[in-house]
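Residue-level structure breakdown
Chain by chain, the residues:
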Amino acid sequence: MSVIMPAADEAVLARRAQIVADLQSIVPGEGVISAERAMRPYESDGLTAYKQLPMVVVLPETTDQVSSVLRYCHDNGVRVVPRGAGTSLSGGALPLVDGVLLGMGKFSRIREIDLANRVVVAEPGVTNLAISTAVQGEGFYYAPDPSSQIACTIGGNVAENSGGVHCLKYGMTTNNILGLEMVLMTGEVLRLGGKHLDSGGYDLLGIIAGSEGLLGVVTEVTVRILKKPETARAVLVGFPSVEDAGECVSRIIGAGIIPGGMEMMDRPAIHATEEFVHAGYPLDVEALLIVELDGPAAEVDHLIERVAEIAKGCRSTTLRVSNSEDERVLFWAGRKAAFPAVGRISPDYYCMDGTIPRAKLPLVLKRIRELSEHYGLRVANVFHAGDGNLHPLILYDANKPGELEKTEEFGSEILRLCVEVGGVLTGEHGVGVEKRDLMPAMFNEIDLNQQQRLKCAFDAQGLLNPGKVFPQLHRCAELGRLHVHAGKLPFPDIPRF
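Right, let's walk through the structure included here. Note that this is a predicted model, so its numbers are computed, not measured.

This next bit is on the sheet that holds strand β3 (residues 79-83). Reading across the sheet, the four strands line up as β1-β2-β4-β3 and stay open at both edges, with mixed pairing between neighbours. Strands with a single pairing partner mark the edges of an open sheet, and in this sheet they are β1 (32-33) and β3. As defined by bridge partners, β3 adjoins strand β4 (residues 99-103) across five bridges and the pair is classed as parallel. Paired with Pro82 across the bridge in β4 is Leu102. Against the sheet, helix α3 (residues 63-76) engages β2 (56-58), β3 and β4, with an angle of about 170° to β4.

Okay, structure coming up:
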């Protein structure tokens, strides 16, 4: 027996079929994916609690194709969600049921290595680690190193302004990019910056870094590379409490010491990581600091002595210094594997991301422990202690009814606490959909309207990654008067295929 679909459904299906056919003419071959099963890998990013099939997936290979796809979508009022490797932990690449998912994975070439100018020109699909690997033979590296650097891409790093364990001394992505090629929603191709250190005029690079795919699609990135330091040694320091470790962090920075990296883990994270990596972490402590000092050998030796003295004054119980490059790398291997390691001790975990003033570390860690007891959910704390970027991992079981919702409420409490003590909602994961409705906790309506006016300058129709970052969407022509709640956007319900 045949089934006659309602006229509205037929209209939706016909429009979808036309869009798919038009996109296939722009990106031929296997560049367009429209079958439900084939689109499943794109239904979520690293925030797997939220899933949505896109209308269609497009995988362009050239800047011209990206330009043509965006121009087509602009002219036909089709929403677009850009996606890199999909490692985002805030839902920044969550698809829309009536939107095109623009995957940039095929932009995976390093276009130029220019050692004379100390830059690498790469396509956005090149992984973070691949840039350092490409220049390590010449004694160079790319400083920002997120824990997901083996998988996350440089384009996604730009979108989220990623940092990593060495951002304390060497800066975030925004401090390490010199130039961009990007395509606007209208299809216009822009080039910002270049190989030079400073650009005249407005700091447009600073606007794009951390813009979460709302302003344009990056098709090329020029990053600066650094010479590897003469010496780098890591120090493992154990403490009887997380408050003691937090106090040590504040005192190290207060003493004028800027480590190459300074990371902290609490007992649950230490045990999970040690069982996974066997990095030699002490198991009889409540908190562990990894402090890396780099520079000339004499300077590093002196700084290690100073750090040891400060740690002792903060009641440290253990201290171990790496004696070889392999041992230093092993110390960091444990920290970088902390997220997958914690996955072994819980069916699910929710990775938070907020930033606080360093001096507030002891207070915030104490409050997180109290919230953990209140909600009855365990927390493993892993974070960039030096710059105050917290990554509490809330452990839960999605198979238990209501536990995800309780976890989200717990996470919201942590983020509100970050703002309350003078911090911000995100350090490097972005706002996405995860923190969208918390934005008013940090910004008033005037602030949000000003930010959205900037969005409108780049994307007047609001077609690029809508529903992300802002708790309300505004029509650009009537900003401040017409409000559409982001959670109730008028997206047609497209049947499953």
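Across all of its chains, the model carries 28 salt bridges by this definition. Residue Glu36 is joined to Arg40 by a salt bridge in which the shortest nitrogen-to-oxygen separation is 2.5 Å. Since its relative accessible area comes to 17%, Glu36 is described here as buried. On the accessibility criterion, Arg40 (35% relative accessible area) is partly exposed. In this structure, the salt-bridge partner of Glu112 is Lys195, at a minimum N-O distance of 2.7 Å. Here Lys195 lies in the loop between β9 (189-193) and α7 (204-208) and Glu112 lies in strand β5 (residues 110-114), a separation of 83 residues in the sequence. Assessed through its relative accessible area of 33%, Glu112 is described here as partly exposed. By relative accessible area, which is 31% here, Lys195 ends up partly exposed. Connected via shared salt-bridge partners are Arg109, Arg111, Glu123, Glu181, Arg191 and Glu220.

With antiparallel pairing, the seven strands of this open sheet are ordered in space as β15-β12-β14-β13-β18-β20-β16. At either end of the open sheet lies a strand with only one pairing partner, and these are β15 (318-321) and β16 (348-351). On average, each strand axis in the sheet is tilted by 15° relative to the strand beside it, whichever way the strands run. As defined by bridge partners, strand β18 (residues 379-383) adjoins strand β20 (residues 392-396) across three bridges and the pair is classed as antiparallel. Along β20, the bridge assignment pairs Asn381 with Pro392. Packing against the sheet, helix α8 (residues 242-254) makes contact with β12 (231-239), β13 (261-266) and β14 (287-295), and its axis sits at approximately 170° to β13.

Attention shifts here to the pairing of β18. Within a regular strand, side chains alternate between the sheet's two faces. Extensive coverage of β18 is indicated by the burial of five of its five residues. Of the two faces of β18, the one holding Val379, Asn381 and Phe383 and the one holding Ala380 and Val382 are both buried throughout. In this structure, β13 lies alongside β18, joined through two bridges in antiparallel fashion. Pairing of Met264 across the sheet is with Phe383, part of β18.

Below, the discussion takes up the layout of surface pockets. Within this model, the second largest pocket holds a volume of roughly 630 Å³. Ala209, Gly210, Ser211, Glu212 and Gln451 are, among the 26 residues lining the second largest pocket, the residues nearest its centre. Here the lining of the second largest pocket takes three residues from helix α15 (residues 445-458), the largest share from any one element. Here the residues of the lining of the second largest pocket are counted per class, giving 13 nonpolar, nine polar and four charged.

Reading the values: rules and limits
Residues numbered from 1 in each chain as written. Predicted model: local features only at pLDDT ≥ 70, side-chain atom pairs only at ≥ 80, totals over all residues. Heavy atoms only, no water. Pairing = 2+ DSSP bridges. Helix = DSSP H or I, 4+ residues; strand = E, 2+ residues; numbered from the N terminus. Contact = heavy atoms within 4.5 Å. Axes fitted to C-alpha atoms, helices over the stretch in contact; angles between N-to-C directions. Salt bridge = Lys/Arg side-chain N within 4 Å of Asp/Glu carboxyl O. Buried < 20%, exposed > 50% of the residue type's maximum accessible area, 1.4 Å probe, protein only. 1 Å grid on protein atoms, 1.4 Å probe; cavity = no way out; pocket = protein on both sides within 12 Å on 5 of 7 lines; lining within 4 Å. Points joined across faces, edges and corners; volume = space filled by probe spheres on them. Nonpolar A, V, L, I, M, F, W, Y, C, P; charged D, E, K, R; others polar.

On their own, these measurements won't tell you what the molecule is for.
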